[in-house]
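Structure assessment
Listed here are the chains, written in short residue letters.
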Amino acid sequence: MKTEFIVNNNRYNPSDIEPKWQKQWEREQCFIVTHKDNRPKYYVLEMFPYPSGRIHMGHVRNYSIGDVVARLKRMQGFNVIHPMGWDAFGLPAENAAIKNKTHPAEWTYQNISYMKAELKKLGYSYDWSKELATCHPGYYKWEQLFFLKFMEKGLVYRKKAPVNWCPKCLTVLANEQVESGVCWRCESVVERKELSQWFLRITRYAEELLECLDSLSQGWPERVITMQKNWIGKSTGMEIDFQVEGLDKKIRVFTTRQDTLFGATFMSLAPEHELVQELIQDSPDKNQITAFINKVIRMDQLDRTADNMEKEGFFTGKYCINPVNGEKMPVFIANFVLVEYGTGAVMAVPAHDQRDLEFARKYDLPVRVVVQPEDGGALSDDMEKAYAGPGTMVNSGQFDGMGNEQFKEAIADFLEEKALGKKTVNYRLRDWNISRQRFWGAPIPIVYCEQCGAVPVPEEDLPIILPQNAIMPEDGKSPLPELKSFLDTPCPQCKGKGRRETDTMDTFVESSWYFARYADPRNENAPFDKKASKYWLPVDQYIGGIEHAILHLLYSRFFVKALRDIGYLEIDEPFSNLLTQGMVLKDGAKMSKSKGNVVDPDEMISKFGADTVRLFCLFASPPEKDLEWSDSAIEGASRFLNRLWRLTMELLPELKPVGPCKVLDQLSLNHAEKSLRTKEHETIMKITRDMIDKFQFNTAIAGAMELVNAIYHSKDELKDSFNGQEVLSSAISSVLTVLSPITPHVCEELWAMLGYDYPLSQSSWPQYDSLALQRDEVLVVIQVNGKLRSKISVPADISREKLGQSALKDEKALKHIQNKEIIKTIIIPQKLVNIVVKD
RNA sequence: GCGAGAGUGGCGGAAUUGGCAGACGCACUGGACUUAGGAUCCAGCGGGAUAACCGUGGGGGUUCGACUCCCCCCUCUCGCACCA
């Protein structure tokens, strides 16, 4: 057995050993798991890829990190589920289908099979028996069921609303998918359209989504939590009604500053506000105002919210009445008021709001200070900057003199008592528009009937399958609205003529629950078996890019809560711990075809082997930070594995498989033996801390390299010493064991060559011996006035006094002490002596 | 503008959380082995006249001692951005 290896392989040849171990792991089903197991479970998951055609370096980095975690946790004794699948619906498949005159499914499944082979070449320890593709009816059937269940619970509704339209993708987008006015996918400027769409009522969970973020603060990066908090955008305040003069109408505003109500001098409405038409009805400037409104409404999101957008407005000709002081306030239409936030109407308090002040100055409207700061000069109405801070109430009738914070409460109670207003909580979060005018997505299980309206498809008729015979039209539109075989169907209720919904679901719906399906992906009777999902969920460690900080991560959190409330899940949150890995850069920029700075993983694997690629990805940078690709640095990684290979080869004839961290009697070891053994155990301690506690694989690898260097430097001496062979064998075994999650193939190979009859993939994480950490002598630093002057080696157990005395005897230190008065001496045992002197 | 994070050799990055700044690697320099070296091994590698000394974006402070803690400032990255 042993000789066979040596004869065939005295050179490190990854292209031989990697496929060999991959086949063996597969043959022995090493990574296939079930929930029927007594070990504690651990669920590690990486964000599944869109099958775009090829794996890119970003994937390699993401999945390499995940694989290290999976292999590590297995070695720690967990029953690890580590699944992989495909986020398989999406627009690129449609475009490719048009180009190649095929069906999107064909392109998608081809890509899946190619990319799966690529992933296998990287040696990832996935349980492939749990693989899923979201475009498979066996998957989206359950999503359609969830849609129906959500509908029963009022979590789904259809509404005609202004929506975000991407003119290039020819579909609507959810608010989360519009990033500063442009489409998240193609960066086209988003347009406004009025359409009837299906919405998921994520806002019902706004408060819980916000609150639970606190429970995630241990396991999630703070910035993701902050981003989600901002997105949910909770603010507490009041809704207050203002009577319109001469009309039987009220304008309701939302404000967080009800304490400034006495300072409200005019009213601003969004151009889309429902009362606008009625208010301008009799205005002599009606035509001008209408033109203004149309201009603003027609502007795209990007321009309308641009920095340099000047505040503009028009007086409607109407007044409303300030409910607390009965004053007349002119009602304006203003371009900066957003219809989608609050009530689309703002009480303007120019003295205490910068926007209102600018507007007031422009249109010469009155400014009235109602909050005077306690310190600093008193504010007057000709102020140049609005004051938003705390202070004392003035110009506020009987409330003058009160602190504004206190008044905020008081006026709230007062207004509620008089039925003029209501305390409310407002969120920026909007309901999730999931209708997409695309073909390659999960059909929404609804039939429209002239008699019965929008009728849900009965459960037993699911799945509604995407037609296999659809031909993608050249114009890029969905073929579904024209496809009679799909469209025509009897109404489930009255059996009359019905027409299927042709919109499909946002692809973010699929990714909102795939992690739960992995628990039981082949179940044909339910989305997942209760026992299986209860055992595996939640995901213990989730790993992916920061770009999903809001999108996917917020939707998934919502889905889990909704599925919990309809009885499918028992968890509150999907992902206990989240690691957001940095991007892979080349020449300082994200890799992209257009920049021509793409590094192809396949090419790297065939050149250096998967282990080297994995090692480089983990060594070059800590996981959260961006990683700069370097052709010469990957050669360094390759060089290290070669060095490890040669070292083991050289020592092979001398070594027996004694196991990592072999128990040895410290007293029987000579100096060199003890020294390497100490280094071995120190390294295990360091790597355990770095890898298991901190996921800092870069420093863990550095530690392993140090140990390899130490073995190199002592091997010639130890080869012939009494205990040397055992010390060397233990040290090498330790290196192979701790590196095995990172570079599994080469470690397995060398491990087997050392003569072990069980694989590393079934080994345990090594335990260091704290006795081995103890050194007889330690190096102590001597400082004079805080400056390093010397280093001395002293017995580890030396007393403080003796240590101080030794320091004062040190020649190099003496040079800096001579003729000076010693004021004091700081002694830190085993570390340092600082002698403080006076000139 | 608001919020978060970062700034350390030629480069990627370390530093047990207040105790040797620059681990580990890349690049580079010298040497060895060699028909050859882009393989390997050995040595060096912050600056500086290799002496003092100066060095973790800049300036102050606390401390025996500061990359680390406090205050002010500069720069960069990311997120949000008229949210009432």
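Residues numbered from 1 in each chain as written. Chains lettered and ligands numbered in written order. Predicted model: local features only at pLDDT ≥ 70, side-chain atom pairs only at ≥ 80, totals over all residues. Heavy atoms only, no water.

1. Details of the sheet that holds strand 9 (residues 191-200)
Note: strands within a sheet are paired through backbone hydrogen bonds, in either parallel or antiparallel orientation. Taken in spatial order, the 4 strands of this open sheet run 6-5-9-19, and their pairing is antiparallel. Strands with a single pairing partner mark the edges of an open sheet, and in this sheet they are strand 6 (171-173) and strand 19 (432-433). Of the pairings in the sheet, the one linking strand 5 (residues 156-166) to strand 9 comprises 10 bridges and is antiparallel in character. For Tyr 157, the partnering residue across the bridge sits in strand 9 and is Phe 199. (Pairing = 2+ DSSP bridges. Helix = DSSP H or I, 4+ residues; strand = E, 2+ residues; numbered from the N terminus.)

2. Overview of the protein's contact with RNA strand B
The environment of RNA strand B is made up of 50 residues, and the closest members are Lys 311, Tyr 341, Arg 355, Lys 791 and Asn 834. Close to the protein, within 4 Å, the atoms of RNA strand B belong to sugar or phosphate groups at a rate of 66%. A distance of 2.3 Å separates a base oxygen of RNA strand B from a polar atom in the side chain of Lys 311. Mapped onto the surface near RNA strand B, the elements with two or more residues apiece are helix 8 (222-232), strand 11 (250-255), helix 21 (631-651), helix 23 (697-719), strand 31 (777-784), strand 32 (787-795), strand 33 (821-828) and strand 34 (832-838). Counting residues per element, the surface near RNA strand B draws most heavily on helix 23, at 7 residues. In terms of residue class, the surface near RNA strand B is made up of 18 nonpolar, 14 polar and 18 charged. (Near = heavy atom within 4 Å. Polar contact = N/O pair within 3.5 Å; in protein donor to acceptor, adjacent residues only side chain to side chain. Nonpolar A, V, L, I, M, F, W, Y, C, P; charged D, E, K, R; others polar.)

3. Quick notes on the nonpolar core
Ranked by internal contacts, the top residues of the largest apolar core, which has 187 residues, are Phe 150, Trp 432, Tyr 514, Phe 515, Phe 559 and Ile 711. Here the element with the most residues in this core is helix 23; it accounts for 10 residues. By size, the runner-up hydrophobic cluster in this structure holds 34 residues, among which are Leu 269, Val 276, Leu 279 and Val 371. (Core = buried A, V, L, I, M, F, W, Y, C linked by side-chain atoms within 4.5 Å. Buried < 20%, exposed > 50% of the residue type's maximum accessible area, 1.4 Å probe, protein only.)

4. Digging into the environment of Leu 615
Turning to its location among the elements, Leu 615 is positioned in helix 20 (residues 610-619). C-alpha of Leu 615 to C-alpha of Gly 138: the two residues are 477 residues apart in sequence and 37 Å apart in space. Apart from the residues within four sequence positions on either side, Leu 615 is in contact with Ala 637, Phe 640, Leu 641, Ile 701, Ile 742 and Thr 743. (Contact = heavy atoms within 4.5 Å.)

5. Side note on the state of the cysteines
For the coordinates displayed, the defined rule picks out 0 disulfides. For the unlinked cysteine Cys 166, the closest cysteine sulfur is that of Cys 186, found at 3.5 Å. Judged by its relative accessible area of 0%, Cys 166 falls in the buried class. Its sulfur unpaired, Cys 449 is 3.5 Å from the next cysteine sulfur, which belongs to Cys 494. (Disulfide = S-S within 2.5 Å.)

6. Focus: the domain arrangement of chain A
What the domain assignment reports for chain A is domain 1 (35-130 + 510-601), domain 2 (142-201 + 431-508), domain 3 (235-426), domain 4 (631-773) and domain 5 (777-838). Taking only C-alpha atoms, the centre of domain 2 and the centre of domain 4 are 58 Å apart. (Domains from an automatic or database assignment.)

7. Brief notes about the pattern of salt bridges
Enumeration according to the criterion identifies 48 salt bridges in this entry. Measuring nitrogen to oxygen at the nearest pair gives 2.8 Å for the salt bridge that ties Glu 208 to Arg 564. With Glu 208 in helix 7 (residues 206-215) and Arg 564 in helix 18 (residues 551-565), this pair connects stretches of sequence that are 356 residues apart. Salt-bridge contacts for Asp 690 lead to Lys 686; the nearest nitrogen and oxygen are separated by 3.0 Å. One end of the pair, Asp 690, and the other, Lys 686, are both in helix 22 (residues 671-693), 4 residues apart, so they sit about a helical turn from each other. Residue Lys 686 is classed as partly exposed on the basis of its relative accessible area, which comes to 26%. A single salt-bridge network, built from bridges that share partners, covers Glu 208, Arg 557, Lys 561, Arg 564, Asp 565, Asp 572 and Glu 573. (Salt bridge = Lys/Arg side-chain N within 4 Å of Asp/Glu carboxyl O.)

8. Concerning unusual backbone geometry
Note that the residue after Leu 462, namely Pro 463, is joined by a cis bond; omega there is 0 degrees. Tracing the backbone shows Pro 463 in the loop between strand 22 (453-456) and helix 14 (484-487). One non-glycine residue with positive phi stands out, namely Ser 180, at about 35 degrees. Relative to the assigned elements, Ser 180 resides in the loop between strand 7 (178-179) and strand 8 (182-183). Using a relative accessible area of 65% as the deciding quantity, one classes Ser 180 as exposed. Positioned with a positive phi, Asn 395 is a non-glycine residue whose angle comes to about 55 degrees. Turning to its location among the elements, Asn 395 is positioned in the loop between strand 17 (392-393) and helix 13 (404-417).

9. Some remarks on helix 8
What sets the pattern is the α-helix's 3.6 residues per turn: residues three or four places apart point alike. Listed as buried for helix 8 are Val 224, Ile 225, Gln 228 and Ile 232. Within helix 8, the buried residues cover an arc of 100 degrees as seen down the axis, which keeps them to one side. The outward face of helix 8, more than 90 degrees from its buried face, is lined by the exposed residues Glu 222 and Arg 223. Check the buried side of helix 8 and you find it contacts helix 7, helix 18 and strand 27 (575-581). With its phi angle positive at about 55 degrees, Gly 233 sits one or two positions after the end of helix 8. (Arc of directions from axis to C-beta.)

10. Thoughts on the packing of helix 7 against helix 18
Closest axis-to-axis distance for the helix 7/helix 18 pair is 11 Å, and the angle between their directions is 110 degrees. Put simply, helix 7 runs roughly perpendicular to helix 18. Residues Glu 208, Leu 209, Cys 212 and Leu 213 of helix 7 lie in contact with helix 18, whose contacting residues are Leu 554, Arg 557, Phe 558, Lys 561 and Arg 564. Its residues placed into classes, the contact of helix 7 with helix 18 shows 5 nonpolar, no polar and 4 charged. (Axes fitted to C-alpha atoms, helices over the stretch in contact; angles between N-to-C directions. Parallel < 35°, antiparallel > 145°, perpendicular 65-115°, else oblique.)

11. Quick notes on the packing of helix 22 against helix 23
Packed helix pairs are specified by the crossing angle of their axes together with the interaxial distance, meaning the distance between the axes. Remark: helix 22 packs on helix 23, axes separated minimally by 9 Å, with the N-to-C direction vectors making an angle of 170 degrees. The orientation of helix 22 with respect to helix 23, classified from their angle, is roughly antiparallel. Counted together, Ala 672, Glu 673, Leu 676, Lys 679, Glu 680, Thr 683, Lys 686, Ile 687, Asp 690 and Met 691 of helix 22 and Phe 697, Thr 699, Ala 700, Gly 703, Ala 704, Glu 706, Leu 707, Ala 710, Ile 711, Ser 714, Glu 717 and Leu 718 of helix 23 form the full contact between these two elements. Here the residues of the contact of helix 22 with helix 23 are counted per class, giving 11 nonpolar, 4 polar and 7 charged.

12. What to know about the confidence of the model for chain A
Summing up the model confidence of chain A, the mean pLDDT is 92 and the portion of residues at 70 or higher is 98%. Confidence over residues 1-9 falls short of pLDDT 50; this stretch has 13 contacts with residues more than four positions distant or in other chains. (pLDDT = per-residue confidence, 0-100.)

13. Observations concerning the sheet that holds strand 30 (residues 627-628)
Read from one edge of the open sheet, 3 strands run 29-28-30, paired in mixed fashion. One side of each edge strand has no neighbouring strand; the edge strands of this open sheet are strand 29 (589-590) and strand 30. Across 2 bridges, strand 28 (residues 584-586) lies against strand 29 in antiparallel orientation. Within the sheet, the bridge partner assigned to Lys 586 lies in strand 29 and is Ala 589.

14. Section: helix 12 (residues 354-363)
Inspection of helix 12 places Asp 356, Leu 357, Phe 359 and Ala 360 among the buried residues, and these make up the whole buried set. Axial view of helix 12: buried residues confined to an arc of 165 degrees, hence all on one face. The elements touched by buried residues of helix 12 are strand 12 (266-269), strand 13 (313-321), strand 14 (328-334) and strand 15 (345-348). Backbone geometry just downstream of helix 12 places Asp 364 in the positive-phi region, at approximately 60 degrees.

15. Describing the packing of aromatic side chains
Per the counting criterion, the structure on display carries 47 aromatic pairs. Ring geometry for Trp 184 against Phe 508: centres 5.1 Å apart, planes inclined by 55 degrees, an arrangement best described as tilted. A residue pair is termed long-range when its members are at least 10 positions apart, and Trp 184 in the loop between strand 8 and strand 9 and Phe 508 in helix 15 (residues 507-510) qualify at 324 residues. Overall, Phe 508 belongs to the buried group, its relative accessible area being 5%. Taking 5.5 Å as the distance between ring centres and 85 degrees as the angle between the ring planes, the aromatic pair formed by Phe 332 and Phe 359 counts as edge-to-face. With Phe 332 in strand 14 and Phe 359 in helix 12, this pair connects stretches of sequence that are 27 residues apart. Both residues of the pair, Phe 332 and Phe 359, belong to the buried class. One aromatic cluster in this structure is built from Phe 150, Trp 184, Tyr 205, Trp 432, Phe 508, Tyr 555, Phe 558 and Phe 559. (Phe/Tyr/Trp six-rings, centres within 6.5 Å; stacked < 30°, edge-to-face > 60°.)

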